[in-house]
Amino acid sequence: MSMETKQATAVPRAALLGRKLGMTQVWDEDNNLIPITVVQVDTNVITQIRNDETDGYQAVQLGFGDINERKVTQPLAGHFKKAGVSPRRHLVEVRVPNASEYELGQELSADIFEAGTKVDVTGRTKGKGFAGVMKRHGFAGVSSSHGAHRNHRKPGSIGACATPGRVFKGLRMAGRMGNARRTVQNLKVQAVDADKGLVLLTGAIPGPKGGIVLIRTAVKGA
């Protein structure tokens, strides 16, 4: 397939912010059990539009989730007033090639996605707090016998003494685990319920129940 044909048949970019409700499972037509993640997207609103003339690139800013006006800072209050929308709790900017096709205050719902399409989902993973090397990196630990004394979950040696005489950057050690931005690619949209504002995705996505996630058209295609 030529490059011109690929560009002509490219799927339009679409994105929505949503809240992860949890997981369930369904049976497909071949009697296979499919794990499903349910995301509540409700209604997203466009609060800002970027264009090549003023910003040097094309993008739209999406707002999701209601918030009391008293909890919004004055700069953000002016931002929402300029867009002609009520304040939103969560904002995200998404690059799109067709920003001129959107309008300020335009509402986007779950029906911009269709069942069977592929999407990428971005969220923050569950925070695990401070973790040791066995939990964080899968280290085997130290022997439980042969005279080992309180070393069972320690990492062991972290480098030589004289040469190089220091610890290399990036060495896997204990530290904070989780609470990192992660993206899962090419998940299939199993179903869409536009009336309830739900998008059902196959497989698992990052984050805990109630976490905010971004659903985008897959960058690697179907």
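Source: prediction; values computed, not measured. (Residues numbered from 1 in each chain as written. Predicted model: local features only at pLDDT ≥ 70, side-chain atom pairs only at ≥ 80, totals over all residues. Heavy atoms only, no water.)

Asks: How should the pairing of strand β3 (residues 44-50) be read in this particular structure?
Replies: Successive side chains on a regular strand alternate, one facing one side of the sheet and the next facing the other. Where β3 meets strand β6 (residues 107-108), 2 bridges bridge the pair, whose relative direction is antiparallel. Bridge pairing in β6 places Asn44 opposite Leu108. Across 5 bridges, the pairing between β3 and strand β4 (residues 59-66) is antiparallel. Residue Ile49 lies in a different strand from β4, and its bridge partner there is Val60. (Pairing = 2+ DSSP bridges. Helix = DSSP H or I, 4+ residues; strand = E, 2+ residues; numbered from the N terminus.)

Asks: Explain the pattern of salt bridges here, please?
Replies: Opposite charge on two side chains permits them to pair, given that their charged atoms come into close proximity. Applying the stated criterion across every chain yields a total of 3 salt bridges. A salt bridge links Asp55 to Arg50, with the shortest nitrogen-to-oxygen separation between them at 3.1 Å. Judged by relative accessible area, which is 21%, Arg50 ranks as partly exposed. Note that Arg88 is salt-bridged to Asp66, the shortest N-O span being 3.6 Å. Here Asp66 lies in strand β4 and Arg88 lies in strand β5 (residues 88-95), a separation of 22 residues in the sequence. Accessibility expressed as a relative area gives 15% for Arg88, which makes it buried. Note on Asp66: relative accessible area 60%, which makes it exposed. A cluster of three or more residues bridged by salt bridges with shared partners is formed by Arg50, Asp55 and Glu93. (Salt bridge = Lys/Arg side-chain N within 4 Å of Asp/Glu carboxyl O. Buried < 20%, exposed > 50% of the residue type's maximum accessible area, 1.4 Å probe, protein only.)

Asks: Explain the sheet that holds β4 here, please?
Replies: What the 4 strands build is an open sheet, ordered β5-β4-β3-β6; its pairing is antiparallel. Both edges of this open sheet fall to β5 and β6, since each of them pairs with a single strand only.

Asks: Which parts of the structure should I look at to understand a nonpolar patch on the surface?
Replies: On the surface, Ile158, Val167, Leu171 and Met173 cluster together into a nonpolar patch covering about 290 Å² of accessible area. In this structure, Leu171 sits in the loop between α4 (133-137) and β9 (175-178). Since its relative accessible area comes to 38%, Leu171 is described here as partly exposed. (Patch = residues over 30% accessible without salt bridge, like charges linked within 9 Å, V, L, I, M, F, W, Y side chains within 5 Å. Areas by Shrake-Rupley, 256 points an atom, 1.4 Å probe, with all protein chains shown as cover.)

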